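Per-entry structural report
Okay, here's what each chain looks like letter by letter:
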Amino acid sequence: MVEKKTVKTEKEFEIKDVTICDATQQMLEKARRDGVETAFDRAANMKACPIGAESACCKHCAMGPCRLSSKDPYGKVGVCGATIDTIQARNFARMVATGAAAHTDHGMAMVDLFREVVNGHITEYRIKDVGKLEAVAQSIGIATENRSVKEIATDLYKELERTYTQVEGEIPFAKRVPEKTLETWRKLDIVPRGAMREIMELMHRTHIGVDQHYENITKQSSRTALADGWGGSMVATEISDILFGTPTPVAVDVNMGVLKEDHVNVIIHGHEPNMFESMLVSVNEPTLVQAAKEAGAQGINLVGMCCSGAEMMSRHGVPHAGNFMSTEAILVTGAVDVMCVDIQCIKQGLVSVADCYGTPLITTNTRAHIEGATHIEFNDHDPQKCTDEVVIKAINRFKNRSMAIEIPNIRNTGIHGFSHEYINYMLGGSFRGSYTPLNENIINGRIRGVAGVVGCTNPRIKQDWAHVELVKELIKNDVLVLQTGCSQISLAKEGLCTPEASYLAGPGLREVCETVGMPPVLGMGSCVDNSRILIAASEMVRVGGLGTSIADLPAVGAAPEWMSEKAISIGQYFVASGVFTVFGVTFPIVKETKFHKLLFEGLEQQGLGKWGFSADPYEMAKMMIAHIDKKRKALGIDKARERVLMDMSDRREIEAA
Ligand code: BF8
């Protein structure tokens, strides 16, 4: 029997109203029976602060905190005189700074690991994808011909370190940005120098009494966010591919049914792939497998959650158990023998849920301890020391399982691992690998445009619902969807990551999917892998026929259930790269202010993209499709789309022309 350690929820809610995920629903029912509280309960009992939700408060100094009124935003100013626009721009900027810091620090950890591997100080990892190493090196002007892997890799890590430490100039991956987009950035003076400098300057500028013009603050927000997307995140993706392999499509099971009652179940939840890679070695270590069998298990079952889970799913076909809003719920199965975490999106609430079910919750990263969890430090120089110990703890927990286990019997098989490189190959084959067929299909109207649908799940909205409804609307309207992060898992659970799902697509997209044998929804990995979408967009520009900058493309982005500051940084770098980006749930801004106008209109007039907001996925789809159509019209390819509706003689005429 579970010992009831948590407070009974005061305000009950209908479980079917908070998630469409059947497995999570089943576990929330059980949690209720067991008297266990989760973030769904806490959200129901914690009204979001209405002033904070609209970013109308400032707590940057001790003369406040100051509260302005969203009903009358210009009715008063803060004690220092800060206007609503300054306050909102500063708050927004700090979200960008934190989100960018999270991604760039992750990327820097990957460069640290890469450097130690290249210099022979770490031997447990090695360069797995030499082809990718050469391609990345060439993309930023490093010579590869007649040079050893070590020489190329040495030049590459030294060059990529500039992404972080450089104080003047442009970050290395600025070389990958389409010329016209880069030109716009240069004109606006927002090309990132180095991530450390940009984040530091943004924090400085948002201090009391420094930058007090919302436009100027937002410029530095863009520069910092770009240091994330084209810097830290892109480095994280590229180095991880070089070290651990570039993903190619693989059939994987997703959902809580990937747990196995007769196995030792090890869950890894977090963001950096190195600990997970080491865990993959530990769970296959013969002595540990033997120990698991001696404990009465059939074997050790390794499962991922959230973003490192999405990476391992794409690279190695490791099953994935669920996204952010399912991390507490899965512990309620009683079948998790250890949950091992590293950094980012790890709810502190996991401690009490894990405690209720006797599951060890292990933190491993020096940057992320949690009070009440067990810490076993992970060290890249001796990685298995930590991961072996974690597996031993899991085996012990399996041996001493005392409570009834209930695993939702739901598994959804889908195809994941669509790296930018694979899309290139998939569309053109090994002899003609290129994005030309994609561009051609956009120009001829079979594919109306491309949408990146990404980001979190959030208890303020029914889990997975907005992701699923939005994506269904988009593909129905012939919009090809690229996905990462928790959103990808939402759609995988709904069965949309299979080629068979193309029956839900419009006739044009369906035809392309059926010809190529691909799903209408392409899963590209974790949140740092949004950088793959940037590279895909650049490639579409380079191939030609769709304008000269990313802002010209019939491409859009969305995070319909976002919750984290990382999501805001991602949104801002997509916008600054030229993409119309729509967020759901809530937006931290007061409407009818100058800052609102800048984000939702002004940035586009400067040649960048712009923000959009709607809590309704159908409305969101409408806005995104309208934007795609606007871009098609500007490119003069709107007629091509109408052609799909023309009769045979019209077709013959156009074909002849
Ligand atoms: O980086 S999508 S909830 S897990 S922040 Fe977090 Fe959001 Fe999930 Fe990964 Ni991204």
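Everything that follows concerns the structure shown earlier in this document.
Report on the accompanying structure. (Residues numbered from 1 in each chain as written. Predicted model: local features only at pLDDT ≥ 70, side-chain atom pairs only at ≥ 80, totals over all residues. Heavy atoms only, no water.)

**A short note on empty space enclosed by the protein**
Under the criterion given, the structure shown has five cavities of 30 Å³ or more. Its boundaries defined by the atoms lining it, the largest cavity holds a volume of some 200 Å³. Forming the walls of the largest cavity are 26 residues, and the residues nearest its centre are Val454, Gly455, Cys456, Cys527 and Ile570. In terms of residues, the lining of the largest cavity owes the most to one element, helix 21 (residues 565-577), which gives five residues. Of the residues that constitute the lining of the largest cavity, the class distribution is 16 nonpolar, nine polar and one charged. One number sums up the size of the second largest cavity: a volume of about 110 Å³. Taken together, 14 residues form the lining of the second largest cavity, with Ile533, Ala537, Ala555, Phe574 and Val579 sitting closest to its centre. Of all elements in the fold, only strand 10 (449-453), helix 20 (530-543) and strand 13 (555-559) reach the threshold of two or more residues within the lining of the second largest cavity. The greatest single-element share of the lining of the second largest cavity, amounting to five residues, is contributed by helix 20. Taken together, the residues of the lining of the second largest cavity sort by class into 13 nonpolar, one polar and no charged. (1 Å grid on protein atoms, 1.4 Å probe; cavity = no way out; pocket = protein on both sides within 12 Å on 5 of 7 lines; lining within 4 Å. Points joined across faces, edges and corners; volume = space filled by probe spheres on them. Helix = DSSP H or I, 4+ residues; strand = E, 2+ residues; numbered from the N terminus. Nonpolar A, V, L, I, M, F, W, Y, C, P; charged D, E, K, R; others polar.)

**Thoughts on the layout of surface pockets**
Taken as a whole, the largest pocket spans an internal volume of roughly 990 Å³. Forming the walls of the largest pocket are 28 residues, and the residues nearest its centre are Gly52, Ala53, Met95, Trp562 and Met563. Within the residue set of the lining of the largest pocket, elements represented by two or more residues are helix 2 (39-45), helix 3 (50-53), strand 1 (57-58) and helix 4 (84-118). Residues belonging to the lining of the largest pocket are distributed by class as follows: 16 nonpolar, six polar and six charged.

**A look at the sheet that holds strand 13**
Spatially, 12-11-10-13-14-15 is the arrangement adopted by the six strands of the open sheet, whose pairing is parallel. Edge strands, defined here as strands with exactly one partner in the open sheet, are strand 12 (521-523) and strand 15 (611-613). For this sheet the average axis-to-axis angle between neighbouring strands, irrespective of direction, equals 25°. Across the face of the sheet, helix 18 (residues 485-493) comes into contact with strand 10, strand 11 (479-483) and strand 12 while running at roughly 120° to strand 11. (Pairing = 2+ DSSP bridges. Axes fitted to C-alpha atoms, helices over the stretch in contact; angles between N-to-C directions. Contact = heavy atoms within 4.5 Å.)

**A word on the nonpolar core**
Counting residues in hydrophobic clusters, the biggest one holds 163 residues, and the most contacted among them are Phe114 and Leu474. Looking at this core, the element that brings in the most residues is helix 4, giving 14 residues. Once residues lying within four places of it in the same chain are set aside, the contact partners of Leu474 are Ala451, Val453, Val479, Val481, Ala621, Met624 and Ile625. Listed in part, the 32 residues of the second largest apolar core include Met27, Val258, Leu350 and Val353. (Core = buried A, V, L, I, M, F, W, Y, C linked by side-chain atoms within 4.5 Å. Buried < 20%, exposed > 50% of the residue type's maximum accessible area, 1.4 Å probe, protein only.)

**Digging into the site of the ligand**
Contacts to the ligand come from His271, Cys306, Cys307, Phe324, Cys345, Gly455, Cys456, Cys486, Cys527, Met563, Ser564 and Lys566. His271 places a side-chain nitrogen or oxygen 2.8 Å from an oxygen atom of the ligand. At a separation of 2.8 Å, an oxygen atom of the ligand approaches a polar side-chain atom of Lys566. When each cavity is represented as a set of grid points, the ligand is found to reside in the largest cavity. Residues of the shell around the ligand, tallied by class, amount to eight nonpolar, three polar and one charged. (Near = heavy atom within 4 Å. Polar contact = N/O pair within 3.5 Å; in protein donor to acceptor, adjacent residues only side chain to side chain. Sits in = over half its atoms within 2 Å of the grid points.)

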